[in-house]
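Spelled out from the first residue to the last, the chains are:
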Amino acid sequence: MSALLRQWWQSETAVRKQDSLVAQLKARGVEITQATLSRYLDPAKPQIAREDVVRGLHAIFGRPEEELTAALDLWERATTQRTARQRLRATAPQEPGPARGTSPQVPPSRSPRGLLYGVVAAVLVLVGVGTLWLITPWQRDQASGEGSPGAVRATGVVATPAASQRPAGDLAVCKGETCFGLEPNHTVCRTDAVTASVDTDPVIGVELRYSAKCRAAWAKISNTTQGDIARISDRAGRTREYTQISGRDAHTTMLPAARPQDVTACAVLAARTVCATIPAEARD
């Protein structure tokens, strides 16, 4: 768990200090001290981070959705393993020591209690192996699309969102600046989203997706390949980007926008850039 959180932290293009992370977590309603965060980010002395801290850091760093799934799976397994160890220590009967002046007797064969401890130890080993296997799932290529966001790189001033990543069926609510950097599929913004403008390229598809309810927008690209970039930018120079890992389409996280005309959606390819400049209704 500590290795994953530290990997999120160190992969940032602009280094964030721990006191800044603590402030952003508290702004999201996560109570934590800098000393506790330091322990969570120290792989040399691994400590299981709280679930709300994991969700908060995932949202702050703008990591892909599959990394949150992997992190929560890792958190659940590690917590289960810790609980099993605690229960084992709490329920294990104490062996009476030999009486003073007598020598301890060696049992002739393994007792049923010893067999029980052996089985429990084997189960803990298997859980530990599964935990190690889960450390690297975020490095696996996943097909990306509007339902599977990929790695995001953002530039500009980041506003503090009031909403955070939430399970499917419990969509976060945001509006304007509080939508900055949020994954649209995790918010109510997806419920009224429309395609505001498109490109004219015969192969590559670029869409400017806009939610009037949230006053926010994002860029969606299609028929693209690994290494292509989806980018949305506003007139103030702020951008959100997604670099395609695999699959044929992808989208960015959101930028605040009072109207669709205030932002531009583009696909940045190896040899050219294609932008959505034609209003969707004009194309129809």
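Structure: above.
Basis of the calculations
- Residues numbered from 1 in each chain as written.
- Predicted model: local features only at pLDDT ≥ 70, side-chain atom pairs only at ≥ 80, totals over all residues.
- Heavy atoms only, no water.
- Helix = DSSP H or I, 4+ residues; strand = E, 2+ residues; numbered from the N terminus.
- Buried < 20%, exposed > 50% of the residue type's maximum accessible area, 1.4 Å probe, protein only.
- Contact = heavy atoms within 4.5 Å.
- Areas by Shrake-Rupley, 256 points an atom, 1.4 Å probe, with all protein chains shown as cover.
- Salt bridge = Lys/Arg side-chain N within 4 Å of Asp/Glu carboxyl O.
- Arc of directions from axis to C-beta.
- Pairing = 2+ DSSP bridges.
- Disulfide = S-S within 2.5 Å.

Caption draft 1: Inspection of the overall build of the chain at higher detail. What the chain contains, in helices and strands, is seven helices and 11 strands. Scored against the burial criterion, the 284 residues of the chain give a buried share of 44%. Within the chain, counting contacts between residues at least 6 apart in sequence, those at least 24 apart form 60% of the total. Taken as a whole, the chain presents about 15100 Å² of accessible surface, with 55% of it coming from carbon and sulfur.

Caption draft 2: Just the pattern of salt bridges, in detail. Taken as a whole, this structure holds nine salt bridges when the rule is applied. Among the ionic pairs, Asp52 bridges to Arg50, the shortest N-O distance being 3.1 Å. With relative accessibility at 32%, the residue Asp52 sits in the partly exposed group. Salt-bridge contacts for Asp234 lead to Arg238; the nearest nitrogen and oxygen are separated by 3.2 Å. Residue class for Asp234 comes out buried when judged on its relative accessible area of 15%.

Caption draft 3: Layout of helix H2 (residues 18-27). All of the buried residues in H2 are Gln18, Leu21, Val22 and Leu25. For H2, the angular spread of the buried residues around the axis is 100°, confining them to a single face. Once H2 finishes, Gly29 follows within two positions and takes phi at roughly 90°, a positive value.

Caption draft 4: Here's a closer look at the pairing of strand S5 (residues 229-234). For S5 and strand S6 (residues 239-243), the ladder comprises five bridges, and the chain directions are antiparallel. Residue pairing for S6: Ile229 is matched across the bridge by Thr243. As consecutive antiparallel partners, S5 and S6 are separated by four residues, and within that stretch Gly237 has a phi angle of approximately 95°, a positive value. Here S5 runs beside strand S9 (residues 263-268); their pairing, made up of six bridges, is antiparallel. Bridge pairing links Arg231 to Cys266 in S9.

Caption draft 5: Structural detail: the state of the cysteines. Under the criterion given, the structure shown has three disulfides. Shown here is the disulfide that connects Cys174 with Cys179, its sulfur atoms set 2.0 Å apart. Taking the sign of the S-S torsion, about 100° here, the bridge from Cys174 to Cys179 comes out right-handed. Summarising the burial analysis for this pair, Cys174 and Cys179 share the class buried. The connectivity of the disulfide bonds within the chain can be written as 1-2, 3-4, 5-6, using the sequence rank of each bonded cysteine.

Caption draft 6: Up close: helix H4 (residues 51-61). Counting buried positions along H4 gives nine out of 11 residues, so the element sits mostly inside the fold. The set of residues buried in H4 consists of Val53, Val54, Arg55, Gly56, Leu57, His58, Ala59, Ile60 and Phe61. Phi for Gly62, located one or two positions after H4, is positive at around 65°.

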